[in-house]
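Structural features, examined
The lines below spell out each chain.
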Amino acid sequence: MTEVIEFQPGWELIVGLEVHCELATKTKMFCGCRNEFGHEPNTNVCPTCLGLPGSLPVVNGSAVEYAMRLGRALQCTVSPSVFARKNYFYPDMPKDYQVTQYDKPTNTAGKLELPDGSFVGITRAHLEEDTGKTSHQGGDGRIHGAESSLVDYNRAGVPLVEIVSEPDIRTADQAKAYVDELRKIVLALGVSDAKMEEGSMRVDANVSVRPVGEPEFRTRCEIKNINSIRSVGRAIEYEAKRHIALYDVGEKPTQETRHWDEEHGRTRAGRSKENSDDYRYFDEPDLVPLVPTADDIARIDAALPMLPASRRRRLAEITGAAAADVTLVVDRGHDDFVVSVVGVGADAKKTLTRVENDLPPDQPITLAPQSFAQLVIMETAGELTATQAKQVLAEMLENGGDPKAIAAAKGFEAMASGALEAVVDGIIAANPADWAEFVVADDKARKKLSGFFTGQVMKATQGQADGRAVAEVLARRAAR
Amino acid sequence: MTAGVAPTAVSIAAEVRGGTRSARSVVEEHLARIAEREPAIHAFNLVLRDEALAAADAVDAAVAAGDDPGPLAGVPVALKDNLCTRGIPTTCSSRILEGWRPPYDATVVERLRRSGAITIGKTNLDEFAMGSSTENSAFGPTRNPHDLTKVPGGSSGGSAAAVAANFAPLALGSDTGGSIRQPASLCGVVGVKPTYGVVSRYGLVAFASSLDQIGPFATTVHDAALLLEIIGGHDPLDSTSIPSPAPSLVDVLDRGVDGLRIGIIGELAGEGIAPDVLARLHEAANVLEKAGAIIDTATIPAAMYGLSAYYLIAPAEASSNLARYDGVRYGLRVDAPTTAEMNELSRTAGFGAEVKRRIMLGTYALSAGYYDSYYGKAQKVRTLIINDFAKAYEQFDLLLSPTSPTTAFALGAKTSDPLTMYLNDICTIPSNLAGQPAMSVPFGVGDDGMPVGVQLLAPLQGEPTMFRAAAVLEAAMKETSR
């Protein structure tokens with residue numbers, strides 16, 4: 001990202017993202033309690049995740065495995081790591097410290113490839129435990145003015161991976177693309193359900209701006225409470241504009257944590273206390289270091305599924321399409337099908353178009369690649385018109401079956417070229433004025449009139465003519 | 001009052017298992033002694049009279065049915081009140097935990113129950129195990145059974161006093177910087193701090209997690225060995241637990257010390273140690289030499305910095321471990337308009353002065369800008385001590401030192417000066433920092449007639465050798481008292 005992208009004239013936007021993903025392990029990070037969303041408050045708890053005196057943590061091996069899997073998918077270096085305690089008082093944190101990783105995280109120095117082919121650096125992706133959830137009773141539901149607060153510790157101790165990006169992001173759209181891509185990777189790996197609305201994926205954005213050409217970063221603000229990908233973009237744009245407005249009147253933003261207010265579309269300063277904490281990190285003495293072996297890492301690498309970026313690259317190569325044009329099919333999980341269909345001998349471009357446009361977007365494909373390939377081959381060979389092909393496909397999706405048989409049953413025999421020419425000649429004869437115009441028209445006008453003639457031919461053949469074949473006959477007749 | 005008048009755990013268990021004595025009569029005998037002397041000594045925060053009798057009846061029923069209740073059948077055990085006992089108050093001698101009943105048993109408590117032992121009460125301690133005299137208890141001090149004007153040592157003073165007063169032949173304590181060995185020494189009983197990780201810490205209310213270790217008190221080396229065998233061994237609930245079974249100790253007790261190389265730690269055998277205590281130390285060395293050991297002087301240069309390092313590392317960990325006592329979930333709550341104020345008022349009311357002092361020390365030591373010069377440097381000293389021990393153990397199989405610089409001191413003598421109080425732990429702290437085992441064995445009395453202990457130190461998992469030497473010292477004491 002060497003090219004400067006201006007956010008507003010003269011200003012460059014600088015964004016780094018911190019994304020928390022709850023890992024979809026069966027049990028919590030340090031105890032055997034169920035890791036599930038939506039249970040009665042304080043039912044998935046035990047002495048350890050309640051932080052009762054005398055309780056001790058035991059690392060969940062699956063969580064470590066998931067974290068390393070994610071790290072390797074983000075091309076991180078996986079190193080021996082040490083848990084640390086982050087000390088601060090908060091009622092939904094049972095021990096009043098959070099077990100996390102500090103100076104020795106599991107994953108460091110990776111990168112994430114965006115659909116446009118650019119990269120965002122990953123500083124680190126570390127393991128930690130989630131906190132409980134506080135709900136304030138009375139007042140307006142905020143902590144200030146509340147009459148009392150209730151805490152649900154079901155979420156306390158749920159394993160999280162925090163993925164910290166480099167400040168490589170320069171536009172709100174890139175930020176959204178980054179979060180979207182990260183979500184797809186996490187889903188592809190099966191390590192989290194990554195639902196922003198349920199909080200299993202949470203995004204904090206570090207935002208600052210600087211005049212174009214200034215080498216140093218300026219004061220940043222951390223925006224929390226962003227709960228959709230759309231809000232990621234809105235919050236960043238709002239915050240950047242706020243900074244620029246401050247600089248414009250000779251003021252400066254204060255380094256602080258701010259909260260995104262979805263309803264009013266603005267950020268607000270957090271509690272001042274939130275900004276003055278000294279977390280007093282030190283190595284967690286109740287746990288021992290995680291020391292993955294080279295074999296562990298090799299095993300994880302070998303088991304990684306194909307990730308979205310590779311899928312896009314593969315499909316673009318096979319179909320000759322631009323990477324951006326295959327994103328939809330990859331996102332729908334239909335790319336494997338395209339690859340299989342093309343493998344059986346169908347035209348790649350035609351296959352991509354048909355899969356993208358004519359298959360239900362949000363369902364897995366149940367068709368046999370061979371059958372679908374057969375359909376594409378028939379269409380490409382001119383045995384079926386586009387309209388006929390669509391009808392055959394509809395039937396295949398509905399009841400299954402062989403495309404040849406379906407076409408035959410529907411009477412979609414390929415129209416012999418002689419028969420087509422006769423029909424075309426008939427239409428020309430019936431519309432002499434239009435035809436005269438067609439013959440003398442330039443390419444642009446001819447295209448328009450061609451639509452009229454083709455429509456007439458289709459009408460006459462009840463859609464059985466191949467549009468391209470009609471165009472060819474028209475061109476030949478006009479050239480005479 | 002001398003320890004050993006009452007039957008040992010080994011003899012009780014043998015009689016109960018053999019059906020020649022009922023567990024109920026054992027418990028009743030000990031409850032009777034408690035009824036007589038406990039008001040003056042205050043070893044217990046809670047005596048579990050009904051529970052102990054019920055447990056004794058269950059043991060007797062098992063024996064009657066032909067079952068073996070286990071190697072500690074019918075043996076009363078006193079538990080330091082920082083060990084979690086299901087449904088039974090566990091206070092750490094702190095107001096902040098008053099009334100709290102853990103919903104689970106510590107691993108050691110569970111293992112004791114499975115061995116047929118009977119929990120007879122929860123013993124007093126310095127609040128959250130922070131102290132060397134048991135005067136820092138929110139529920140009043142414990143007194144030394146040998147002289148009620150003297151402290152029993154601490155922080156496991158209640159457990160040491162309970163065993164010394166024959167309220168129970170066995171007790172468990174926890175040792176973070178000497179909290180088992182120092183009171184054992186001052187009360188004239190055997191006290192062992194095992195290798196870090198030999199005994200599970202699950203259910204031990206944490207003071208300083210990287211230093212805390214549970215260990216036995218007993219009137220004899222044999223009893224202590226048996227108790228350690230029962231409570232030791234891997235526990236999957238404690239990630240720092242060593243993944244191997246408990247050491248075999250009882251079987252090696254009679255092997256003697258012939259040919260063992262034993263070093264007297266020079267740095268801990270001179271300045272700052274009372275002459276009568278030093279005299280007992282050298283007598284102990286002579287006994288070991290006569291038994292065939294090769295005695296020489298060892299050097300642990302960094303031992304002198306152990307105290308300073310300890311009083312940064314332990315408070316640092318404590319400041320974090322004790323954060324959870326915030327009034328939100330359990331224990332004392334002082335209501336206030338905001339959560340932060342409620343936290344503050346609850347902690348202000350719930351913690352005693354020494355605990356507050358250490359929380360502040362530890363918070364400071366970990367603070368941004370101070371970490372490197374305090375906590376970071378202390379960890380380096382810790383490494384130096386480990387290295388010094390490693391060097392010493394190239395030459396020696398065991399090391400020897402006093403346990404405590406003096407015999408038991410008077411109540412109130414050191415409460416006004418924390419630093420003087422901290423110096424009590426000068427000989428015991430290095431083993432905690434190194435994670436190595438050490439034990440105090442009673443070895444005569446001082447000029448004031450109060451018990452003196454000597455400390456045996458061993459490399460990691462060197463308990464079997466350490467217990468062999470302890471048995472030799474114990475046998476020599478029996479000879480002289482005869």
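Up top you'll find the structure we're talking about.
Starting afresh in each chain, residues are numbered from 1 along the sequence in its written order. Key to labels: chains lettered from A, ligands numbered from 1, both in the order written. Owing to the predicted nature of the model, reporting of local features is limited to residues with pLDDT of at least 70; listing and counting of side-chain atom pairs is limited to 80 or more, with chain, interface and lining totals taken over all residues. Side-chain measures were taken over the full set of non-hydrogen atoms in the model, leaving aside hydrogen atoms and water.

Digging into the overall build of chain B
For clarity, the threshold we go by: Secondary structure elements follow DSSP: runs of H or I of four or more residues count as helices, runs of E of two or more count as strands, with numbering from the N terminus. Note on method: radius of gyration uses C-alpha positions; expected globular size equals 2.2 Å times residues raised to 0.38. Here's how the labels work: a residue is buried when its accessible area is under 20% of the maximum for its type, exposed when over 50%, partly exposed in between, all with a 1.4 Å probe on protein chains only. A contact between two residues is defined here by any heavy atoms of the two lying within 4.5 Å. For the purpose of charge, His is not counted, nor are the chain termini; Lys and Arg are scored as positive and Asp and Glu as negative. Taken as the charge centre is NZ of Lys, CZ of Arg, CG of Asp or CD of Glu, depending on the residue.
Counting its regular elements, chain B contains 15 helices and 11 strands. The C-alpha radius of gyration computed for chain B amounts to 21 Å, which stays within 12% of the reference 23 Å derived for 482 residues, consistent with globular compactness. Taking the principal axes of the C-alpha coordinates as reference, chain B spans close to 65 × 55 × 45 Å. Looking at chain B as a whole, 63% of its 482 residues qualify as buried. Sequence-distant contacts, at least 24 apart, represent 75% of the contacts inside chain B between residues at least 6 apart. Each charge class in chain B can be summarised by its mean position, and for the 38 positive and 51 negative side chains these summaries are 3 Å apart.

Some words on the overall build of chain A
What chain A contains, in helices and strands, is 15 helices and 15 strands. Rg of the C-alpha trace for chain A: 30 Å, well past the compact-globule value of 23 Å for 480 residues, more than 25% over. On the principal axes, the C-alpha backbone points of chain A span a range of 95 × 55 × 50 Å. Within chain A, buried positions represent 49% of all 480 residues. A sequence separation of at least 24 residues applies to 68% of the contacts in chain A between residues at least 6 apart.

Some thoughts on the packing of aromatic side chains
Note the cut-off: What counts as a ring pair is set by centres within 6.5 Å for rings of Phe, Tyr and Trp (its six-membered ring), and what kind of pair is set by the plane angle: stacked under 30 degrees, edge-to-face over 60, tilted for all other angles. By definition here, charges over rings are those cases where NZ of Lys or CZ of Arg is within 6 Å of the ring centre and within 35 degrees of the ring normal.
Tallied over the full model, the rule gives 26 aromatic pairs over all chains. Considering the side-chain rings of Trp11 of chain A and Tyr247 of chain A, the 5.5 Å spacing of their centres and the 15° angle between planes classify their relative orientation as stacked. Of the two residues, Trp11 of chain A is situated in strand S2 (residues 11–22) and Tyr247 of chain A in helix H3 (residues 229–248); the sequence distance between them amounts to 236 residues. Classification of Tyr247 of chain A as buried rests on a relative accessible area of 15%. Aromatic rings pair up to connect Trp100, Phe128, Tyr325, Tyr330 and Phe351 of chain B into one cluster. One residue, Lys414 of chain B, lies across the ring of Phe409 of chain B, its end atom 4.2 Å from the ring centre.

Quick word on the sheet that holds strand S4 (residues 170–175) of chain B
All names here are of chain B. For the record, the criterion: Strands are labelled as partners when DSSP assigns at least two bridges between them. Note on geometry: axes are lines fitted to C-alpha atoms, helical ones only across the stretch in contact, with angles between N-to-C directions running from 0 to 180 degrees.
Strand order across the open sheet formed by 11 strands is S1-S3-S2-S4-S6-S5-S10-S11-S9-S7-S8, with mixed pairing between neighbours. In this open sheet, the two edge strands, each paired with only one partner strand, are strand S1 (44–47) and strand S8 (294–298). Each adjacent strand pair in this sheet contributes to an overall mean axis angle of 30°, direction not counted. Relative to strand S3 (residues 118–123), S1 is paired through 3 bridges, and the arrangement is antiparallel. When the bridges of S3 are listed, Leu46 appears paired with Lys122. Packed on one face of the sheet, helix H4 (residues 107–114) meets strand S2 (76–80), S4 and strand S6 (213–218) and runs near 175° to S2.

A short note on the interface of chain B and chain A
The criterion, for reference: Buried surface area refers to the total accessible area, computed with a probe of radius 1.4 Å, that the two partners give up upon joining, counted for both partners together. By definition, a salt bridge exists where a carboxyl oxygen of Asp or Glu is found within 4 Å of a side-chain nitrogen of Lys or Arg.
In this assembly, 40 residues from chain B lie in contact with 31 residues from chain A. When chain B packs against chain A, the two sides together hide about 2,600 Å² of surface, and 57% of this comes from carbon and sulfur. Looking at the side of chain B facing chain A, the largest losses of area belong to Ser239, Arg324 and Arg329 of chain B, adding up to 22% of the total buried there. The interface formed by chain B and chain A includes 2 salt bridges. Residue Arg329 of chain B pairs with Asp96 of chain A through a salt bridge whose shortest N-O separation is 3.7 Å.

Quick look at the packing of helix H14 (residues 443–461) of chain A against helix H15 (residues 467–479) of chain A
Residues and elements named next belong to chain A. Put simply, the rule reads: For classification, angles of less than 35 degrees are called roughly parallel, those exceeding 145 degrees roughly antiparallel, those between 65 and 115 degrees roughly perpendicular, and all remaining angles oblique. Each crossing is labelled by how the near helix is turned from the far one, with a counterclockwise turn of less than a right angle marking it left-handed and a clockwise turn marking it right-handed. All amino acids are sorted into three groups, where Ala, Val, Leu, Ile, Met, Phe, Trp, Tyr, Cys and Pro are nonpolar, Asp, Glu, Lys and Arg are charged, and the leftover types, Gly among them, are polar.
For the pair H14 and H15, the least separation of the axes is 10 Å and the interaxial angle reads 120°. Classified by the interaxial angle, the pair formed by H14 and H15 is oblique. In this structure, H14 crosses over H15, and the sense of that crossing is right-handed. Residue-level inspection shows Arg446, Ser450, Phe453, Thr454, Val457 and Met458 of H14 in contact with H15, the latter providing Gly467, Val470, Leu474 and Ala478. Counted by class, the contact of H14 with H15 contains 6 nonpolar, 3 polar and 1 charged residues.

Thoughts on a nonpolar patch on the surface
In plain terms, the rule: A patch is a set of surface residues, each over 30% in relative accessible area and not in a salt bridge, joined within 9 Å for like charges and within 5 Å for the nonpolar side chains Val, Leu, Ile, Met, Phe, Trp and Tyr. Note on areas: Shrake-Rupley, 1.4 Å probe, and residue coverage restricted to the protein chains presented here.
A cluster of nonpolar side chains, namely Tyr364, Tyr370 and Tyr374 of chain B, defines an oily patch on the protein surface of about 280 Å² accessible area. When you line up the elements, Tyr370 of chain B lands in the loop between helix H11 (353–366) and helix H12 (372–395).

Comments concerning the environment of Val441 of chain B
Residue and element names in this part refer to chain B. By secondary structure assignment, the location of Val441 is in strand S10 (residues 438–445). The spacing of Val441 and Phe467 is 26 residues in sequence and 9.8 Å in space, taken between C-alpha atoms. Every residue in contact with Val441, bar those within four places of it in the chain, is listed here: Val452, Gly453, Val454, Leu456, Ala470 and Leu473.

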